[in-house]
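As a plain string of letters, each chain reads:
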There are 2 protein chains.
Amino acid sequence: MKRITLSEQELPRTWYNIAPDLPEPLKPPLNPATGEPIGPEQLAAIFPMPLLEQEMSQEREIAIPEEILDVYAMWRPTPLIRAERLEKHLGTPAKIFYKHEGVSPPGSHKPNTAVAQAYYNKISGIKRLATETGAGQWGSALAFGCCLFGLDLKVYMVRVSYEQKPYRRSLIQTWGGEIVPSPSPDTPAGRQVLKDVPDSPGSLGIAISEAVQDAVHRDDTNYSLGSVLNHVLLHQTVIGLETQRQFKEFGLEPDVVIGCVGGGSNFAGLALPYVREKIGGKQLRMIAVEPEACPTITRGHYHYDFGDMAQTTPLLAMHTLGHSFVPPGIHACGLRYHGMAQLVSHLVRLGLVEPRACQQLECFEAAVTFARTEGIVPAPETSHAIQAVFAEAERCKREGKEETIVFNFSGHGFFDMSAYDDYFAKKLSDYALPEGDLEKAWDEIRDLPKP
Amino acid sequence: MKRITLSEQELPRTWYNIAPDLPEPLKPPLNPATGEPIGPEQLAAIFPMPLLEQEMSQEREIAIPEEILDVYAMWRPTPLIRAERLEKHLGTPAKIFYKHEGVSPPGSHKPNTAVAQAYYNKISGIKRLATETGAGQWGSALAFGCCLFGLDLKVYMVRVSYEQKPYRRSLIQTWGGEIVPSPSPDTPAGRQVLKDVPDSPGSLGIAISEAVQDAVHRDDTNYSLGSVLNHVLLHQTVIGLETQRQFKEFGLEPDVVIGCVGGGSNFAGLALPYVREKIGGKQLRMIAVEPEACPTITRGHYHYDFGDMAQTTPLLAMHTLGHSFVPPGIHACGLRYHGMAQLVSHLVRLGLVEPRACQQLECFEAAVTFARTEGIVPAPETSHAIQAVFAEAERCKREGKEETIVFNFSGHGFFDMSAYDDYFAKKLSDYALPEGDLEKAWDEIRDLPKP
């Protein structure tokens, strides 16, 4: 047996909220003007109340509305697949499994929250959403969600990806979304960057500023974020909850849980239900993998910082490279974020999650090996998880250990083929960030409150 | 319940061969030199014996080898999905289902036969395959199959698609295949076309000539065809066999079975097990849908003709527009073939299958509606089936009939987004073929043997 696909009836009916199970509570978001914890009412201008309630909830289980389950059932439960061909190729005694989130219509894990966010905004009377996107996985997922619930959408797509991945743009348009490259002339934040750095490749931090300003500026519009926030990670826990049931059917339990991290949502979606088991005393390791080109949890500071470049968001306690940090234009654009989910940062700090960083070339090498053994072409983001899986499988071989490794196959690479073209043409390189760059961005935040 | 996904254990263990159930036998392929029926030994230079045996077999059930089942299990059984959102949007009393073949690693139904062909060539001692591809669904599927079984591959890709769909080319390369645009300077047939028509958009007929010449020329190389031949359609019957089991779980039976046709394999894969039911007396309709720009079964002649432009293949009794016919460069390049599977042609002639043609623009309109209701972006080929589904659903509405319609969702459109860009930019048009063009191509074959 190499693949467990649960039936529609086995879809989880609740999301898992880790907040009440944390050994220490999360630090609250702060109002940058007052330095005081921020309440839901101060965020109600850009988020609907049901999502703000989830953001701050202490309920362990939060019911998934029928309307959302009905959409999930279009592709969920997603399969849990044993990578037997890969194991054989690597000659490892480890058992390798992947949760295949690439089977969703937009091709990644992102619709798990996009659909939920579109639904809650819809029932809250909102007509239009504004958002940012890096490589386009989030933008296309939200376009899909908005299309199904009849909302308008404007997407600010990081320019380097807008140019590298023209077909994610087409996909967003096919689902009826409007899309512009960011920095754009459509918002104050975008205009400012264009003035200062006319050829800016853009960053998630800039695109978030643009989308937030768009939402603040229009009464009919809310802002929607594809990662980082608690409610986003909450929606993604369907991934881990399904995986737990699927491992039961395999008669196995994972020893190592791996995911790539940009904002942290796909990793957390798989890992949080297992973090609960670990807090409960189970022996297992959780590894969050990021690019060396944007080493937020491996080289950033745990500090209060803004979620965006233009300082429009509340202050969040998280690992950060500084909100003005613009990472090099690597292909895993979904991982080019200066910050990290508060929850993932917190778990790293508590020693429950191991941070790891890897380089672009070793990731593509792993991705091509995966494609040539398991048949499925990974997104450049996902290749970071795969690289870490290879390293763990290698370790198991060295140590003669028959461990069970599971990773989140967060999305396919069909819209990232230009990255593979560049890799085969040897046009890609690794990145070693100069220490000075990190120091400079850090200087701008060292006077913000300490967590 | 909107989606039935069978377990790995429910994978069909045999393919269904319709030959013994046909009310009249197929006409044999002829040797063009002698006009005599051709035997397997004459084709052994380019096909392995197990496939030739299947091509001519009279066994109703042909066992699927374990090695092939093991690969099928990577994505099969594929889901059968009820398109409830689409039904609601169309306001039809019809129940609409689709068999989602887009979930395979290469994204279409093509690996069902690609994997089988790679396997049989491998066990027959072949080291390398040569093939043609239109839009690239077949080329990428065979690259996937060859990669898994360790065979080299050269793909001749119709030039218009090579340029329109650069990322299917990247996909082929990611799986290790070599690829050139056809007509190419690498074969006598390619060089001849380049000499006569230097800016030829290419056609499947030309690309087949190139791949056959490549295979004939090299001892270590066989030729592999992605549609048309009996053994190809045989391998695709897993689609219909699974669908029959899935409808049982839904407690339903289809009244109308629909698929798009280029060479005929995805349509036949779904339809043949149902043709058997129809021959057995069941009331149901089978509709094969092709583009108006390449109207093989709706406007072609049923006649013996070559399968390729350079007249390198045996003569096949089929609907044909003439082997020299080069259709306009529509985006559904997988449907740009001058001929049609002998088996599908035969069933049309016997009145068991209804032919239908539709125009490019109405197909894209249907595809966008499908994407915006069911969430999944169809390949331009698949959109032809969807257009026919819309017409049937419309009829059911008019007649107040609650019929069950099933179609083969043959592949996703993630590699065809430039076609959607062109559609949204209003750059696409319909095609009305001048009668003269068809007459001219027909003139070249009217002296070939009559079936």
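Quick summary incoming for the structure in this document.

Conventions used here
Residues numbered from 1 in each chain as written. Chains lettered and ligands numbered in written order. Predicted model: local features only at pLDDT ≥ 70, side-chain atom pairs only at ≥ 80, totals over all residues. Heavy atoms only, no water. Contact = heavy atoms within 4.5 Å. Buried area = accessible area lost by both parts, 1.4 Å probe. Salt bridge = Lys/Arg side-chain N within 4 Å of Asp/Glu carboxyl O. Polar contact = N/O pair within 3.5 Å; in protein donor to acceptor, adjacent residues only side chain to side chain. Helix = DSSP H or I, 4+ residues; strand = E, 2+ residues; numbered from the N terminus. Nonpolar A, V, L, I, M, F, W, Y, C, P; charged D, E, K, R; others polar. Axes fitted to C-alpha atoms, helices over the stretch in contact; angles between N-to-C directions. Parallel < 35°, antiparallel > 145°, perpendicular 65-115°, else oblique. Left-handed = near helix turned anticlockwise from the far one by under 90°. Pairing = 2+ DSSP bridges. Buried < 20%, exposed > 50% of the residue type's maximum accessible area, 1.4 Å probe, protein only. Least-squares fit on C-alpha atoms with pLDDT ≥ 70 in both. Phe/Tyr/Trp six-rings, centres within 6.5 Å; stacked < 30°, edge-to-face > 60°. Lys NZ or Arg CZ within 6 Å of the ring centre and 35° of its normal.

## Topic: the interface of chain A and chain B
Now for step 1: Residue-level contacts link 43 residues of chain A with 43 residues of chain B.
Now for step 2: Summing both partners gives a buried area of about 3,800 Å² for chain A against chain B, and 54% of it is carried by carbon and sulfur.
Now for step 3: At the boundary of chain A with chain B, the tally comes to 4 salt bridges.
Now for step 4: A salt bridge links Lys 2 of chain A to Asp 70 of chain B, with the nearest nitrogen and oxygen atoms 2.7 Å apart.
Now for step 5: Joining chain A to chain B, the criterion identifies 22 residue pairs in polar contact (both at pLDDT 80 or more).
Now for step 6: For the side of chain A that touches chain B, the secondary structure elements donating two or more residues are helix H2 (66–72), helix H5 (137–149), helix H7 (166–174), helix H14 (360–374) and helix H16 (417–424) of chain A.
Now for step 7: With 6 residues, H7 of chain A is the single largest residue contributor to the side of chain A that touches chain B.
Now for step 8: In terms of residue class, the side of chain A that touches chain B is built from 23 nonpolar, 11 polar and 9 charged.

## Description of the packing of helix H11 (residues 230–250) of chain B against helix H12 (residues 265–279) of chain B
Residue and element names in this part refer to chain B.
Now for step 1: Closest axis-to-axis distance for the H11/H12 pair is 7 Å, and the angle between their directions is 60 degrees. Between H11 and H12, the crossing angle belongs to the class labelled oblique. The hand of the H11/H12 crossing is right-handed. Contacts from Val 232, Leu 233, Gln 236, Thr 237, Ile 239, Gly 240, Leu 241, Thr 243, Gln 244 and Phe 247 in H11 reach Ser 265, Ala 268, Gly 269, Leu 270, Leu 272, Pro 273, Tyr 274 and Glu 277 in H12.
Now for step 2: Tallied by class, residues from the contact of H11 with H12 come to 10 nonpolar, 7 polar and 1 charged.

## Focus: the sheet that holds strand S6 (residues 128–133) of chain A
All names here are of chain A.
Now for step 1: A sheet is described by the order of its strands in space; here 4 strands give the open sequence S8-S7-S6-S9, paired in parallel fashion. Of all the strands in the sheet, the pair left with one neighbour each is strand S8 (178–182) and strand S9 (221–223). Averaged over neighbouring strand pairs, the angle between their axes works out to 25 degrees when direction is ignored.
Now for step 2: Relative to strand S7 (residues 152–158), S6 is paired through 6 bridges, and the arrangement is parallel. Bridged to Glu 132 within S7 is Tyr 156.

## Observations regarding the pattern of salt bridges
Now for step 1: Tallied over the entire structure, the rule returns 60 salt bridges over all chains.
Now for step 2: Between Glu 163 of chain A and Arg 159 of chain A there is a salt bridge, and its shortest N-O distance comes to 4.0 Å. Taken as a pair, Glu 163 of chain A and Arg 159 of chain A lie in helix H6 (residues 159–164) at a separation of 4 residues, close to a single helical turn.
Now for step 3: Since its relative accessible area comes to 55%, Glu 163 of chain A is described here as exposed.
Now for step 4: Among the salt bridges present, the one from Asp 443 of chain B reaches Arg 446 of chain B, with a minimum N-O distance of 2.8 Å.
Now for step 5: Here Asp 443 of chain B falls in the partly exposed class, since its relative accessible area comes to 43%.

## Re the packing of helix H5 (residues 111–123) of chain B against H11 of chain B
All names here are of chain B.
Now for step 1: The N-to-C vectors of H5 and H11 enclose an angle of 125 degrees; their axes lie 8 Å apart at closest approach. Classified by the angle their axes make, H5 and H11 are oblique. The hand of the H5/H11 crossing is right-handed. Along its contact with H5, which presents Asn 112, Thr 113, Ala 116, Gln 117 and Tyr 120, the element H11 presents His 231, Val 232, His 235, Gln 236, Val 238 and Ile 239.
Now for step 2: Across the contact of H5 with H11, the residue classes tally to 5 nonpolar, 6 polar and no charged.

## Some remarks on the pairing of S7 of chain A
Residue and element names in this part refer to chain A.
Now for step 1: For S7, a buried count of 6 out of 7 residues is recorded, marking the element as mostly surrounded by other parts of the structure.
Now for step 2: Looking at chain direction, S7 and S8 are connected through 5 bridges and run parallel. Its bridge partner being in S8, Met 157 is matched across the sheet by Pro 181.

## Observations regarding the relation of the copies chain A and chain B
Now for step 1: Under the fitted operation, chain A is carried onto chain B by 0.0 Å of movement along the axis and a turn of 180 degrees, and the coordinates agree to an RMSD of 0.0 Å. On this basis, the relationship between the two copies can be described by a two-fold rotation axis.
Now for step 2: When you check the interface residues of chain A against chain B, 100% turn up at the interface there too, and the contact is symmetric in its surfaces.

## What about the packing of aromatic side chains?
All names here are of chain A.
Now for step 1: By the definition in use, this model includes 35 aromatic pairs over all chains.
Now for step 2: In this structure an aromatic cluster arises from ring pairing among Tyr 72, Trp 75, Phe 144 and Trp 175.
Now for step 3: Sitting over the ring of Tyr 162, Arg 169 keeps its end group 4.8 Å from the ring centre.

## A short note on the sheet that holds strand S11 (residues 285–291) of chain B
Strands pair in a sheet through their backbones, by hydrogen bonds, and they do so in one of two ways: parallel or antiparallel.
All names here are of chain B.
Now for step 1: Taking strand neighbours across the sheet as the criterion, the 7 strands line up as S1-S4-S5-S15-S10-S11-S14 in an open arrangement whose pairing is mixed. The sheet is open, and its two edges are formed by strand S1 (3–4) and strand S14 (354–358), each paired on a single side.
Now for step 2: By the bridge criterion, 2 bridges tie S1 to strand S4 (residues 80–82) in an arrangement that is antiparallel. Counted as the bridge partner of Arg 3 is Ile 81 from S4.
Now for step 3: Its contacts with the sheet place H11 against S1, S4, strand S5 (95–100) and strand S15 (404–409), and it is angled at close to 135 degrees to S5.

## A short note on the side chain of Ser 161 of chain A
All names here are of chain A.
Now for step 1: Assignment of secondary structure puts Ser 161 in helix H6.
Now for step 2: Residue classification places Ser 161 among the buried positions, given a relative accessible area of 0%.
Now for step 3: Other than its neighbours up to four places away in sequence, Ser 161 contacts Gly 134, Ala 135 and Cys 333.

## Considering the side chain of Thr 221 of chain B
All names here are of chain B.
Now for step 1: Along the polypeptide, Thr 221 turns up in strand S9 (residues 221–223).
Now for step 2: Judged by its relative accessible area of 0%, Thr 221 is buried.
Now for step 3: Within the local environment of Thr 221, its side chain forms a polar contact with the side chain of Arg 128, the two groups lying 2.9 Å apart.
Now for step 4: There is a polar contact of 2.7 Å between the side chain of Thr 221 and the side chain of Asp 220.

## A few points about the environment of Asp 430 of chain B
Residue and element names in this part refer to chain B.
Now for step 1: Note that Asp 430 resides in the loop between helix H17 (417–424) and helix H18 (435–443).
Now for step 2: The exposure class of Asp 430 is partly exposed, given its relative accessible area of 36%.
Now for step 3: Taking the C-alpha atoms as reference points, Asp 430 and Ser 57, 373 residues apart in sequence, are found 41 Å from one another.
Now for step 4: Among the polar contacts made by the side chain of Asp 430, one reaches the main-chain amide nitrogen of Gln 360 at a distance of 3.4 Å.

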